[in-house]
Amino acid sequence: MRRIHVGNAFSAFGLGFTVPYLYVYVAQVRGLGAVTAGLVLAVFAVAALIVLPFAGRAIVRRGPLPVLLAALVTAALGALSLGIAATAATVLLSAAALGAGQAVMQPALATMIVDCSSSDTRSRAFATQFFLQNLGLGVGGLIGGHLVDTTSAASFTVLFAIEAAVFLLLVVVLATVRMPHAPRMEDAPGRSGHGGWKQLLGNRAMVQLSVLGFVLFFACYGQFESGLSAYGVEAAGISTSALGTALAANTAVIVVAQFVVLRFVERRRRSRVIAAVGLIWAVAWVMAGYAGLGHGSREMATAAFVSTYALFGLGEAMLSPTVAPLVADLAPTGLAGQYNSAFALVKQLALAVGPAVGGPMGASLHAPYVVTFLLFSLGITFLGMRLGRQLTAVQDQPWPAKSRVVAQGGAAASGHARARA
């Protein structure tokens, strides 16, 4: 598990190391223009949408470790070629390889966590994963920002070469992991990949969780660097430095509060936790509305906008030990990889649609933008409560349910012992 968490941290480090600077690299440093730079960012999303359905089936059939190693090698080759690419075609092909590799890493690592944890430790394992991912993204972005020089293509070549080296180092580290045996698709005669997808779509709780996941990622993560930032600059008059402070506040809340929040969350019903996140995010959008529409001072608007990002971070810290373990608990034996990949696919769809919808609205339709996503947040609360009606007691609240089972089993055993005496 420690090696898996190292993999999570360094894969996030690689992502934060280069992705924030892709637009500048393609458009300005390589001189390929804004259209090509925009296509590169779109290629990341398209590549993920193409490979994730196949990744889920491969994880189920072959196990998560071989799939993860193949994804790391693919991402390393994509990063290395992106650093030396000089034409639009080579840049787009390199971005496709990098995006596909990084997309497959997520469900592969998540399935490895499922295989190496129990229901009792899974929430803490996923909370640790989320903590290390945000730490890796923040540190990667910070270091990458100090290495790049927009007047020198060579500095970006070095940047992408370091990212490739990190991925190859992870291949060496994770190749030494000895995974416990977990059931695979070939262990169950007569089960096919098509049957696995049919079984997933027939799981009402998983379908509802996928719809809820789309709304979660669309209304929060899909707005961070597009609609919400555009709204802050255009409506609230937030400076770029204040925007950076808001993003830092989001990461800081996650890093500082993650394990404090975990102790509160892991003993409560998961559906209620998700519903509470919707209410917290609704308050965040009210704060955003005050920042852009409240006509207060610049300082008050900035404070409200930073608070918006901080509240989003609190909600994210509550979701990390809740949603991913729930996906694992809903998956039948041997299909955790397919369920993780399906949920990652939903996430990628939301992250592709979110900026496309939120960006133009945040820049020009200020009041409708805030009201729309305030309603989406309240919708999260509604969907969370509705999901709770589809979950079993153990799925919705695993820790107390297991405690009750153990207590009842102990009481029964004591009764039998007294009867025998």
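Structure: above.
The residue count restarts for each chain, going from 1 along the sequence in the order it is written. Owing to the predicted nature of the model, reporting of local features is limited to residues with pLDDT of at least 70; listing and counting of side-chain atom pairs is limited to 80 or more, with chain, interface and lining totals taken over all residues. Here the side-chain values reflect all heavy atoms present in the structure, with hydrogen atoms and water set aside.

Patch building starts from residues that exceed 30% relative accessible area and form no salt bridge, then joins like charges within 9 Å and nonpolar side chains (Val, Leu, Ile, Met, Phe, Trp, Tyr) within 5 Å. For every accessible area listed, the method is Shrake-Rupley and the probe measures 1.4 Å; residues are considered covered only by the protein chains on display. We define a salt bridge as a side-chain nitrogen of Lys or Arg found within 4 Å of a carboxyl oxygen belonging to Asp or Glu. A cluster of nonpolar side chains, namely Leu 135, Val 139, Leu 142, Ile 143, Leu 147, Val 158 and Ile 162, defines an oily patch on the protein surface of about 540 Å² accessible area. Secondary structure elements follow DSSP: runs of H or I no shorter than four residues count as helices, runs of E no shorter than two count as strands, and numbering proceeds from the N terminus. Elements supplying a minimum of two residues to the nonpolar patch: helix H6 (122-147) and helix H7 (153-174). For the nonpolar patch, the element with the highest residue contribution is H6, accounting for five residues. Relative to the assigned elements, Leu 147 resides in helix H6. The cut-offs for exposure are 20% and 50% of the maximum accessible area for each residue type, with area from a 1.4 Å probe on protein chains only; residues under the lower value are buried, those over the upper are exposed, and the others partly exposed. For Leu 147, a relative accessible area of 39% puts it in the partly exposed group.

Let's shift gears to the packing of aromatic side chains. Stacked, tilted and edge-to-face are the three classes assigned to paired rings of Phe, Tyr and Trp, where Trp is represented by its six-membered ring and a pair needs centres within 6.5 Å; plane angles under 30 degrees give stacked, over 60 edge-to-face, the rest tilted. For the structure shown, the criterion picks out 17 aromatic pairs. Between Tyr 231 and Tyr 369, the ring centres sit 5.8 Å apart and the planes meet at 35 degrees, which makes this aromatic pair tilted. You can see Tyr 231 sitting in helix H10 (residues 227-234) and its partner Tyr 369 sitting in helix H16 (residues 366-388), a full 138 residues away along the chain. Measuring from ring centre to ring centre gives 5.4 Å for Trp 285 and Phe 373, while their planes differ by 25 degrees; the resulting arrangement is stacked. Here Trp 285 is found in helix H12 (residues 270-293), whereas its partner Phe 373 is found in helix H16, with 88 residues between them in sequence. Across this residue pair, the class does not change: Trp 285 and Phe 373 are buried. Ring pairs connect the aromatic residues Phe 214, Phe 218, Tyr 231, Trp 281, Trp 285, Phe 312, Tyr 369, Phe 373 and Phe 376, which therefore count as one cluster.

Here the focus is the nonpolar core. In a soluble, globular protein the nonpolar side chains are often hidden away together inside. One finds Leu 209, Leu 228, Trp 281 and Phe 305 to be the most contacted residues of the largest nonpolar core, which totals 110 residues. The element best represented in this core is helix H5 (residues 88-115), accounting for eleven residues. Excluding residues within four positions of it along the chain, Trp 281 makes contact with Leu 216, Cys 220, Leu 311, Phe 312, Gly 315, Glu 316, Leu 319, Ser 377 and Ile 380. For the purposes of this section, nonpolar cores are sets of buried Ala, Val, Leu, Ile, Met, Phe, Trp, Tyr and Cys residues that join through side-chain atoms within 4.5 Å. Working rule for contacts: check all heavy atoms of both residues, and any pair within 4.5 Å makes them a contact.

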